[in-house]
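Examination of the molecular architecture
Residue-level listing of the chains:
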Amino acid sequence: FRQAARSVGEIPGYRTLVSRSSLLSSFIPRTPGLSLGRAWSFEDKYSRYAENGYDILTLVSAFPCKPEIVLADAAAIKEVITYRSRFPKPVDLYVATSFFGYNIVASEGEEWKRYRKIAAPTFTERNNKLVWNETVAIMNDLFDSVWENQQVVTVDHILDITLPATLFIISAAGFGQKLTWKGGSIVPPHHKMTFKDALYISTTYMLPRLLLPNWAMKLTEKTRRIQLGFTELRTFMTEMIEDRMKSEKVERDDLLSSLLDASNDGEGLSTDELIGNIFIFLIAGHETTAHTLCFTLALLALYPAEQEKLYEHIKSVLPDAYAPTYEQVPLLTRVMAVFNETLRMFPAVIIIPKRSAEDTTFSTMNTRGETVVVPIPKGTDVHINVPGLHYNPKYWENPYEFKPDRFLNDDWNRDAFIPFSAGPRACLGRKFAETEAVAFLTMLVLRYKITVKEEPCFANETFEKRKERLLKVVSILTLTPVKMPLTFIRR
Ligand code: HEM
């Protein structure tokens, strides 16, 4: 253990019995000296760095005994993110995501290059426009058929709206399958469930499906239905691919069609690889966006003055407010600023793991202004601590304050904002997510005033307590809101 700490220069940080990367740590709540728990980097944000006086800290654990590095230093992070071959992705941590087939997220080296070359061009301007149009349609369908244009609508957990909404969006813009809030209940011939249910089950129960062995999936009614959902989704995807391959070529802008086209030109992807990659778009793009939208709405409810500024801004830039178009996105600067500020404060992915492929060093400055050199032995896991960076006061003034205005000027530090990672392995769906978020928020804020649900049991709650309650998180696959009860009042 001491040797492990010495190998990374005795730089201070976290010391625990159980490593954060071991499966065991997922089940042990945060206990000093024993385990960090799952959301430690979000819980601590920059505080440990401030206490220790370094922007690079170490994690040393006894089981397994290995040192790790956690970075909140923008220059060191830029180096790690830019030089992919020096700091590759530890793909062993992602094997579970290959459940549906080999894919871009779980690969490295030549295999990743091949996937990226085929997948990157599928995120086109035309696809973004489709994302916009589908989001507008899905929001109108929500207002008309679910909320029935009522004056007051209360939702006990706003995730119950954002999760289906983002699922419908990825279904339409990803697979070309349009879903509506109330429709989609007919099971097609030769299937045992609807596409909507298969999609819902596969995205909701991803974690138990990955953790439980096949025999355990057969034990209860519920796990059998989960397994069926995954099998059905695979069958639906295979059918979609076969249909498109057989039928006459039609101009389509969804990701699956572009992936098929790109795959047909040159070095193609096998059906398994096609399914693996389209499934990973679904997983990577659905929950991350849904959770970020929850945090955005909760912050707007907690900060009514910011919400009013946003409402006035949207009204002022959209002459025909009720039918915003994709071409108007560049005008909606404050909507984007609110979304960015939410991503800074509540990044969906809190740790981006990398591994050093060589013996190297990082230089950083401690609080006394001295340069400190941190040795990094080959094979050490080097993690990018996203909340650590996003709350680092060297880059963000009053980082704990919700201030969307900081993203309206052009002077914010791009290297200190990495919710979508950056460099060669940056998120492929960034524009997709930004487009859907701007459309979702614009539509909602224009029609409804967002407030926190008033409940008698919380009548005497202080603002700080209310904020703490509403913004409570757990870390599952991504940073997840626990319960956000909101009331929407028609404007
Ligand atoms: C707010 C929403 C989103 C956030 C915060 C986000 C964040 C990220 C981050 C941090 C990574 C790097 C992960 C790593 O290196 O381990 C990533 C990768 C990726 N994301 Fe996103 N993402 C979002 C939405 C989307 C959407 C909508 C899609 C697709 C429709 C998508 C597709 C991908 C893909 C394919 C990669 C892998 C890129 C590669 O390894 O080359 N993401 N995302």
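The rules behind each value
Residues numbered from 1 in each chain as written. Predicted model: local features only at pLDDT ≥ 70, side-chain atom pairs only at ≥ 80, totals over all residues. Helix = DSSP H or I, 4+ residues; strand = E, 2+ residues; numbered from the N terminus. Rg over C-alpha atoms; globule rule 2.2 N^0.38 Å. Contact = placed C-beta atoms within 7 Å. Near = placed C-beta within 6 Å. Nonpolar A, V, L, I, M, F, W, Y, C, P; charged D, E, K, R; others polar. UniProt positions renumbered as here; feature names shortened; annotations may be inferred. Buried ≥ 20, exposed ≤ 12 C-beta atoms within 10 Å, placed from the backbone. Arc of directions from axis to C-beta. Core = buried A, V, L, I, M, F, W, Y, C linked by C-beta atoms within 7 Å. Pairing = 2+ DSSP bridges. Axes fitted to C-alpha atoms, helices over the stretch in contact; angles between N-to-C directions. pLDDT = per-residue confidence, 0-100. Left-handed = near helix turned anticlockwise from the far one by under 90°. Parallel < 35°, antiparallel > 145°, perpendicular 65-115°, else oblique.

We now examine the overall build of the protein chain. Helix and strand counts for the protein chain come out as 19 helices and 12 strands. In summary, the protein chain has a C-alpha radius of gyration of 23 Å against a globular reference of 23 Å for 491 residues, a match within 12%. Each of the three principal axes of the protein chain carries a C-alpha extent, and together these read 60 × 55 × 45 Å. Long-range contacts, defined here as pairs at least 24 residues apart, represent 75% of the contacts in the protein chain between residues at least 6 apart.

Right, let's get into the site of the ligand. Around the ligand, the surrounding shell holds 23 residues, and the nearest of these are Gly-285, Thr-288, Cys-427, Gly-429 and Ala-433. Secondary structure elements with two or more residues in the shell around the ligand: α14 (271-302) and α18 (430-447). Take the shell around the ligand: its biggest share by element is 7 residues, from α14. A per-class count over the shell around the ligand returns 14 nonpolar, 6 polar and 3 charged.

Annotation from UniProt places "binding site: heme" (unreviewed entry) at Cys-427. Considering the arrangement of structural elements, one finds Cys-427 in the loop between α17 (386-390) and α18. Since 18 C-beta atoms lie within 10 Å of it, Cys-427 is described here as partly exposed. Those residues in contact with Cys-427 that lie beyond four places of it in its chain are Phe-420 and Ser-421.

In this section: helix α13 (residues 255-264). All of the buried residues along α13 are Leu-255, Leu-256, Leu-259, Leu-260 and Ser-263. Down the axis, α13 shows its buried residues gathered within 135° of arc, on one side only.

All right, on to the nonpolar core then. Ranked by internal contacts, the top residues of the largest apolar core, which has 127 residues, are Ile-56, Leu-71, Ile-278, Cys-294, Leu-297, Phe-440 and Leu-441. Ranked by residues supplied to this core, first place goes to α14 with 18 residues. Every residue in contact with Ile-56, bar those within four places of it in the chain, is listed here: Ile-11, Ile-69, Leu-71, Asp-73, Ala-76, Phe-362, Thr-364 and Val-374.

Moving on to the sheet that holds strand β4 (residues 152-155). One open sheet holds the 3 strands; their spatial order is β4-β12-β9, and the pairing between them is antiparallel. Two strands bound the open sheet, and with one partner strand each, they are β4 and β9 (448-452). Within this sheet the neighbouring strands show an average axis-to-axis angle of 20°, counted without direction. In the sheet, β4 pairs with strand β12 (residues 486-490) via 4 bridges, with the strands oriented antiparallel. Looking across to β12, one finds that Val-153 is bridged to Phe-488.

Bringing the environment of Ala-284 into the picture now. As for its placement among the helices and strands, Ala-284 is situated in helix α14. Its 24 C-beta neighbours within 10 Å are what place Ala-284 among the buried residues. When residues no more than four places from it in sequence are discounted, the contact partners of Ala-284 are Val-105 and Gly-429.

For the bond from Phe-63 to Pro-64, the omega torsion is -15°, close enough to zero to count as cis. Positive phi values are uncommon outside glycine, yet Glu-148 reaches one of about 45°. Here Glu-148 lies in the loop between α7 (125-146) and β4. Here Glu-148 falls in the exposed class, since 8 other C-beta atoms lie within 10 Å of it.

On to the sheet that holds strand β1 (residues 13-18). Ordered by their spatial adjacency, 5 strands build an open sheet running β1-β2-β3-β8-β5, and the pairing between neighbours is mixed. If you trace the sheet from one side to the other, it starts and ends with β1 and β5 (351-355), each paired once. Taking the axes of each pair of neighbouring strands and ignoring which way they run, one obtains an average angle of 25° across the sheet. As defined by bridge partners, strand β3 (residues 66-71) adjoins strand β8 (residues 381-385) across 4 bridges and the pair is classed as parallel. Of the residues in β8, the one forming a bridge with Ile-69 is Val-382.

This paragraph deals with the environment of Leu-211. Within the fold, Leu-211 resides in helix α10 (residues 206-211). C-beta crowding within 10 Å serves as the criterion here: with 11 such atoms nearby, Leu-211 is assigned to the exposed category. Here the alpha-carbon distance between Leu-211 and Ala-96, two residues 115 residues apart in the chain, equals 8.3 Å.

Another point: the confidence of the model for the protein chain. On average, residues of the protein chain score 93 in pLDDT, and 99% of them are at 70 or above. Predicted complex metrics record ipTM = 0.99 and pTM = 0.96.

Attention shifts here to the packing of helix α8 (residues 159-175) against α14. Geometrically, a packed helix pair is captured by the angle between its two axes and the distance between the axes. At a minimum axis distance of 9 Å, the contact between α8 and α14 shows a crossing angle of 145°. Relative to α14, the crossing made by α8 is right-handed. Contact residues: α8 offers Leu-159, Thr-162, Leu-163, Thr-166, Leu-167, Ile-170 and Gly-174, while α14 offers Ile-278, Phe-281, Leu-282, Gly-285, His-286, Thr-289, Ala-290, Leu-293 and Cys-294. Its residues placed into classes, the contact of α8 with α14 shows 10 nonpolar, 6 polar and no charged.

With that settled, consider helix α5 (residues 74-82). Taken together, the buried positions of α5 are occupied by Ala-76, Ile-77, Val-80 and Ile-81. End-on, the buried residues of α5 take up no more than an arc of 130°, which puts them together on one face. Looking at the packing, one finds that the buried side of α5 touches β2 (56-63), β3, β5, β6 (360-365), β8 and α17.

It is the contact of helix α9 (residues 195-204) with helix α12 (residues 221-246), at a shortest axis distance of 8 Å, that shows an interaxial angle of 120°. Judged by the inter-axis angle, α9 sits oblique to α12. As for how α9 packs across α12, the hand of that crossing is left-handed. Packed against α9, whose contacting residues are Phe-195, Asp-197, Ala-198, Leu-199, Ile-201 and Ser-202, the element α12 presents Arg-225, Ile-226, Gly-229, Phe-230, Glu-232, Leu-233 and Phe-236 at the interface. Residues belonging to the contact of α9 with α12 are distributed by class as follows: 8 nonpolar, 2 polar and 3 charged.

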